[in-house]
Amino acid sequence: MNFDAYARTAVELVNAPLEEIEDLKALFSDDNSWMREEITDRDVAIFRRAQKRLRDVFEYGTSGRDGDAVNELNALLESFPVQPRISGHDASDWHMHVTSRGASVAAEYLAGAVWGLSVWLCEYGSARFGVCADDRCGNVYLDTSSNCCRRFCSERCATRSHVAAHRARKRAAEEQLTPVS
């Protein structure tokens, strides 16, 4: 099982807009295209609640509250239990799924996302959970940097934030040089 891929599904969920069922459909990759056909309005509400709880996990990790991150992930694991099963059609494509056959879309997706994030925490620690430092963004990310120094969810946010800080420093310096009348 690719736990990193499952952990990234948690990131994608937290960062996704979930205003309506079409937003939820857009969340599913082509590998999970069957989910697009099976989701219901009820699933949207379940995903929204899980999205908020997963965001809390990232915020706990970012603020050094490991115990709270672990407690929330354990509660989510109870809500979306992993029930692994082997699936496929023949010996050339056997693979693992995280839920039993016939599970709802929410159970299938969220069990994988929560399991992946839990494995990530155990492997790398919750300090590797990040919330973008750009105040205008708020997206979450998994810090894969070699020295745990990532502060932004993307290069775009990093550049935008650094340019804004540079301009603010430049304005402040110009204001100091301008005589007050």
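Structural notes, computed from the coordinates. (Residues numbered from 1 in each chain as written. Predicted model: local features only at pLDDT ≥ 70, side-chain atom pairs only at ≥ 80, totals over all residues. Heavy atoms only, no water.)

Let's talk about the overall build of the protein
And then number 1: A count of helical and extended segments in the protein gives seven helices and four strands.
And then number 2: For the protein, the N- to C-terminal ordering of α and β elements is α-α-α-α-α-β-β-α-β-β-α.
And then number 3: C-alpha atoms of the protein, sized along the principal axes, occupy 80 × 35 × 30 Å.
And then number 4: Sorting the 181 residues of the protein into buried and exposed places 35% on the buried side.
And then number 5: Looking at the protein alone, contacts between residues at least 24 apart form 50% of all its contacts between residues at least 6 apart.
And then number 6: A total accessible area of about 10,900 Å² is found for the protein, and carbon and sulfur atoms account for 49% of it.
And then number 7: Here the protein holds 22 positive side-chain charges and 28 negative ones, and the gap between their average locations is 6 Å. (Helix = DSSP H or I, 4+ residues; strand = E, 2+ residues; numbered from the N terminus. Buried < 20%, exposed > 50% of the residue type's maximum accessible area, 1.4 Å probe, protein only. Contact = heavy atoms within 4.5 Å. Areas by Shrake-Rupley, 256 points an atom, 1.4 Å probe, with all protein chains shown as cover. Lys, Arg positive; Asp, Glu negative; His and termini not counted. Charge placed at Lys NZ, Arg CZ, Asp CG, Glu CD.)

Re helix α1 (residues 3-15)
Think of an α-helix as turning once every 3.6 residues; residues three or four places apart then point the same way.
And then number 1: Between its terminal C-alpha atoms α1 stretches 19 Å, which fits the 18 Å expected from 13 residues at 1.5 Å a residue.
And then number 2: When α1 is considered as a whole, its buried residues turn out to be Y6, A7, T9, A10, V11, L13 and V14.
And then number 3: Buried residues along α1 sit against α2 (21-27), α4 (41-62), β2 (95-97), α6 (105-124) and β4 (140-142). (Expected span 1.5 Å × (residues − 1).)

Notes on unusual backbone geometry
And then number 1: For C148, which is not a glycine, the phi torsion comes out positive at approximately 55°.
And then number 2: Here C148 lies in the loop between β4 and α7 (155-177).
And then number 3: Taking the relative accessible area as the measure of exposure, C148 reaches 33% and is therefore partly exposed.

Some thoughts on the side chain of S126
And then number 1: Mapped onto the secondary structure, S126 falls in the loop between α6 and β3 (129-131).
And then number 2: One polar contact links S126 to D66, side chain to side chain, over a distance of 2.3 Å.
And then number 3: In contact with S126, other than residues within four places in its own chain, are G61, T62, D66, A69 and L121. (Polar contact = N/O pair within 3.5 Å; in protein donor to acceptor, adjacent residues only side chain to side chain.)

Description of the environment of S92
And then number 1: Within the secondary structure, S92 sits in the loop between β1 (85-87) and β2.
And then number 2: Looking at S92, the relative accessible area reads 67%, which means it is exposed.
And then number 3: With 41 residues separating them in the primary sequence, S92 and Q51 have C-alpha atoms 35 Å apart.

Digging into the pattern of salt bridges
And then number 1: One pass over the full model with this rule turns up eight salt bridges.
And then number 2: The salt bridge partner of D56 is K52, with a shortest N-O separation of 2.9 Å. Taken as a pair, D56 and K52 lie in helix α4 at a separation of four residues, close to a single helical turn.
And then number 3: Between E72 and R53 there is a salt bridge, with the nearest N and O atoms lying 2.5 Å from each other. Separated by 19 residues along the polypeptide, E72 in helix α5 (residues 66-79) and R53 in helix α4 bring together distant segments of the chain.
And then number 4: One continuous salt-bridge network, built from bridges that share partners, spans D134, R136 and R160. (Salt bridge = Lys/Arg side-chain N within 4 Å of Asp/Glu carboxyl O.)

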